[in-house]
Amino acid sequence: MRVERISEHVWALSTWVVVPIRVWVVATEDGVTLVDAGLSTMARGILEFIARLGAGPLRRILLTHGHSDHTGAIDGVRRKHSVPVFAHAAEIPYMTGQLPYPRRRAAAATVASGVVQPLAEEVPGVLARVGGLRPYLTPGHSPGHVVYYHERDRVLLAGDLFTSRRGRLGRPMAIFTADMAEAVRSAAIVKRLRPDRLEVSHGGPVFHPAVQMDAYLAAADQT
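The structure displayed is predicted, hence computed values, not measured ones.

About the cut-offs
- Each chain has its residues counted from 1, running along the sequence as written.
- Owing to the predicted nature of the model, reporting of local features is limited to residues with pLDDT of at least 70; listing and counting of side-chain atom pairs is limited to 80 or more, with chain, interface and lining totals taken over all residues.
- Hydrogens are left out, water is left out, and the side-chain values use all remaining heavy atoms of the structure.
- For helices the rule is a DSSP run of H or I covering at least 4 residues; for strands it is a run of E covering at least 2, with both sets numbered from the N terminus onward.
- Radius of gyration: over C-alpha atoms. The globule rule applied is 2.2 Å multiplied by the number of residues raised to the 0.38 power.
- For the exposure calls, accessible area comes from a 1.4 Å probe over protein chains only, and a residue counts as buried if that area is under 20% of its type's maximum, exposed if over 50%, partly exposed in between.
- In this analysis, two residues are considered to be in contact whenever any of their non-hydrogen atoms come within 4.5 Å of each other.
- Reported accessibility uses the Shrake-Rupley method at a 1.4 Å probe radius. Residues are deemed covered only where the shown protein chains occlude them.
- For the charge count, each Lys or Arg is scored as positive and each Asp or Glu as negative, with His and the chain ends excluded.
- The location of each charge is read from NZ of Lys, CZ of Arg, CG of Asp or CD of Glu.
- What makes a salt bridge here is a side-chain nitrogen of Lys or Arg within 4 Å of a carboxyl oxygen of Asp or Glu, nothing more.
- Whether two strands pair comes down to DSSP finding at least two bridges between them.
- Here the axes come from fitting lines to C-alpha atoms, over the contacting stretch only for helices, and the angles between their N-to-C directions go from 0 to 180 degrees.
- Residues grouped as a nonpolar core are buried Ala, Val, Leu, Ile, Met, Phe, Trp, Tyr and Cys residues, joined through side-chain atoms within 4.5 Å.

### A word on the overall build of the chain
Argument step 1. Scanning the chain for helices and strands turns up 7 helices and 16 strands.
Argument step 2. Taking 223 residues into account, the globule formula puts the C-alpha radius of gyration at 17 Å, and the chain, at 16 Å, falls close to it.
Argument step 3. When its C-alpha atoms are laid out on the principal axes, the chain stretches across 50 × 40 × 40 Å.
Argument step 4. For the chain, with 223 residues in total, the buried portion stands at 54%.
Argument step 5. When contacts within the chain are restricted to residue pairs at least 6 apart in sequence, those whose partners lie at least 24 apart make up 58%.
Argument step 6. Approximately 10400 Å² of the chain is accessible, and the part contributed by carbon and sulfur atoms is 51%.
Argument step 7. Once the 26 positive and 20 negative side-chain charges of the chain are each reduced to a mean point, those two points are 4 Å apart.

### Details of the pattern of salt bridges
As a working rule, side chains carrying opposite charge can pair if their charged atoms are close by.
Argument step 1. Tallying each qualifying case throughout the model produces 12 salt bridges.
Argument step 2. Here E4 ties to R2 by a salt bridge, and the two come within 3.6 Å at their closest N and O atoms.
Argument step 3. A salt bridge links R60 to D30; the shortest N-O distance between them is 2.8 Å. Of this pair, R60 sits in strand β5 (residues 58-62) while D30 sits in the loop between β3 (19-28) and β4 (31-35), and the two are 30 residues apart along the sequence.
Argument step 4. The class of R60 is buried, set by a relative accessible area of 12%.
Argument step 5. When salt bridges that share partners are traced, they join R2, E4, R22, R197 and E199 into one network.

### A look at the sheet that holds strand β11 (residues 146-150)
Argument step 1. Pairing in this open sheet of 5 strands is mixed, and the strands run β10-β11-β12-β15-β16 from one edge to the other. A single partner strand is all that each edge strand has here, and the edge strands are β10 (134-137) and β16 (206-207).
Argument step 2. One ladder, built from 4 bridges, connects β10 with β11; its direction is antiparallel. Across the sheet, R134 pairs through a bridge with Y149, a residue of β11.

### Quick look at unusual backbone geometry
Argument step 1. Backbone geometry places R166, a non-glycine residue, at a positive phi of 50°.
Argument step 2. Along the chain, the position of R166 falls in the loop between β13 (163-165) and β14 (168-170).
Argument step 3. Given the relative accessible area of 78%, R166 is considered exposed.
Argument step 4. Even without being a glycine, H208 presents a positive backbone phi close to 45°.
Argument step 5. Its place among the elements puts H208 in the loop between β16 and α7 (213-221).

### Re the sheet that holds β3
Argument step 1. In space, the 7 strands of this open sheet follow the order β1-β2-β3-β4-β5-β6-β7, with mixed pairing throughout. The open sheet has two edge strands, β1 (2-5) and β7 (116-118), and neither has a second partner. Across the sheet, the axes of successive neighbouring strands diverge by a mean angle of 30°, strand direction being ignored.
Argument step 2. In the sheet, strand β2 (residues 10-17) pairs with β3 via 8 bridges, with the strands oriented antiparallel. Following the sheet pairing, T15 is matched in β3 by I21.
Argument step 3. Each of β1, β2, β3, β4 and β5 is contacted by helix α1 (residues 43-53), which is oriented at about 155° to β2, the strand it contacts most.

### A closer look at the nonpolar core
Argument step 1. I46, L58, I61 and V116 are the most contacted members of the largest nonpolar core, which totals 31 residues.
Argument step 2. Sorting the residues of this core by element identifies β2, β3, β4, α1, β5, α3 (74-80), β6 (85-87) and α4 (92-95) as the ones contributing at least two each.
Argument step 3. With near-sequence residues (within four places) excluded, I46 lies in contact with M1, L13, V23, L34, A37, A73 and V77.
Argument step 4. Core analysis: the next-biggest nonpolar cluster, separate from the first, contains 21 residues, Y136, A158, M180 and M213 among them.

Below, the structure is given as structure tokens:
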């Protein structure tokens, strides 16, 4: 597993299985937060890195969404650290197999029922900060997709809101995206937050992504 320190408080852990798969470790005052859990084969590497980092115990797992390449290591990690797992409330019925994901014929659980808790809200519609990060609902790739913004480091952990190639933003993978038009609309969060660095699950970093947004949205309108 490749480890890269991407800011003062955030590390990216990645492997390659057909496409790159990235998860993130965030150091906070009370320990460590894991954002996404990749594949089951990543559990050992995640645990070893957290132990080696020495930034305190793992406190929580935050999920951008519930697809299997983002949830695979949850069980392996939680066998060592019985920590809470959080996702958006709108996503939980899909990842626990109560409902089929849009454009999928059948429901399929990627996380056992009762493991995942809903992200808290400060007020209705505004997600509360957690683990040093501010979550924002960005539906489209999945019904409850969320991005996490590290405000101090100005790093946006964007999950599958985008793909990227050679520093350029790309649309999420169409075959796995529930509603592409909605995903493109959700991308406007980048213009609002204007992060210095944007991280995606399947691709490399994008620096100052807001400068690309007008072109990204215009290209999407033409397809």
